[in-house]
Amino acid sequence: MRTKITYYLSFVLLTFSVSGYTQVTDDFTDGDFINNPSWSGDNSEWEILSGQLHGIDSLANDTFYLSTPSAISNPGQWEFWVNLKYNTSSLNYVKVFLTSDLADLQGNNSGYYVMLGGTTDEISLYEKNGVTAVKIIDGVDGILNSSNNIFKIKITRDAANLWALQRDSTGTGNFYVSEGTVTNSTFSASGFFGLLVKQSTASFFGKQYFDDFY
């Protein structure tokens, strides 16, 4: 009887340990992005400002990122708040990697990411396999054609690999509308979650804000 109880307690502790590793939750109220969870990458290009993750890279034509360990993949749910204080373009955009096999999001990593911006100023879902990226949910054009883009984004993936991408232009998470759905099972595992910012000229410096990652 004691052996069975010991095995059961060990299983429970292992389960909680794995769950703690796989789930990423951060609202930055602790004032940093180094602990609980630990983000890493281009750390010097980020700060916490008024309880939000703020990009402070001041180099033209630069790309900078942060990532954190996350094994959430299938099934999975991701939510985050974003404020891009500029009109996006083909040279000014954000990629939020829901899954990635590598911590370095600037290399030949594989996984899925949400694209905020691009030529058509949209919110879309991509599959990335090394150097090749394919759009699998094509969002509504022109959504980010504004000088102050505040959104709450929600993505779900069920056990049957049905993906759903939603946006809420109020930033509250109470008024989601669909950007589309797709069935895709190319990648079933993940090692990291993170975000990558691409910017061109000085008029885009310091205008990326993120919060409430879940």
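In this report, the structure presented in the accompanying data block is examined. (Residues numbered from 1 in each chain as written. Predicted model: local features only at pLDDT ≥ 70, side-chain atom pairs only at ≥ 80, totals over all residues. Heavy atoms only, no water.)

Observations regarding the pairing of strand E14 (residues 208-211)
The two faces of E14 match: Gln208 and Phe210 on one face and Tyr209 and Asp211 on the other face are all buried. The sheet contact formed by strand E3 (residues 52-55) and E14 spans two bridges and is antiparallel. Considered in E14, the bridge of Leu53 is made with Phe210. Examined bridge by bridge, strand E5 (residues 76-84) and E14 share four bridges and lie antiparallel to one another. Residue pairing across strands places Trp81 opposite Asp211, the latter belonging to E14. (Buried < 20%, exposed > 50% of the residue type's maximum accessible area, 1.4 Å probe, protein only. Helix = DSSP H or I, 4+ residues; strand = E, 2+ residues; numbered from the N terminus. Pairing = 2+ DSSP bridges.)

A short note on the side chain of Asp26
Structurally, Asp26 can be placed in the loop between helix H1 (2-22) and strand E1 (40-41). One buried charge, Asp26, has no salt-bridge partner; the nearest side chain with opposite charge is Lys152, at 14 Å. Polar contacts involving the side chain of Asp26 include one to the main-chain amide nitrogen of Phe28, which spans 2.9 Å. Polar contacts involving the side chain of Asp26 include one to the side chain of Trp39, which spans 2.9 Å. Not counting residues within four places of it along the chain, the set of residues in contact with Asp26 comprises Asn36, Pro37, Trp39, Asp211, Asp212 and Phe213. (Lys, Arg positive; Asp, Glu negative; His and termini not counted. Salt bridge = Lys/Arg side-chain N within 4 Å of Asp/Glu carboxyl O. Polar contact = N/O pair within 3.5 Å; in protein donor to acceptor, adjacent residues only side chain to side chain. Contact = heavy atoms within 4.5 Å.)

As for the pattern of salt bridges
Counted by the stated rule, this structure contains three salt bridges. Note that Lys135 is salt-bridged to Glu122, the shortest N-O span being 2.5 Å. Taken together, the residues Lys135 in strand E9 (residues 132-137) and Glu122 in strand E8 (residues 122-129) connect sequence positions 13 residues apart. Using a relative accessible area of 32% as the deciding quantity, one classes Lys135 as partly exposed. On the basis of relative accessible area, Glu122 is assigned to the buried category, the value being 2%.

Some words on the sheet that holds strand E6 (residues 93-100)
Read across the open sheet, the seven strands follow the order E1-E4-E13-E6-E7-E8-E9; overall the sheet is antiparallel. Of all strands in the sheet, those with a lone pairing partner are E1 and E9, marking the two edges. In this sheet, E8 lies alongside strand E7 (residues 111-117) in antiparallel orientation, the contact comprising seven bridges. Following the sheet pairing, Tyr112 is matched in E8 by Glu127.

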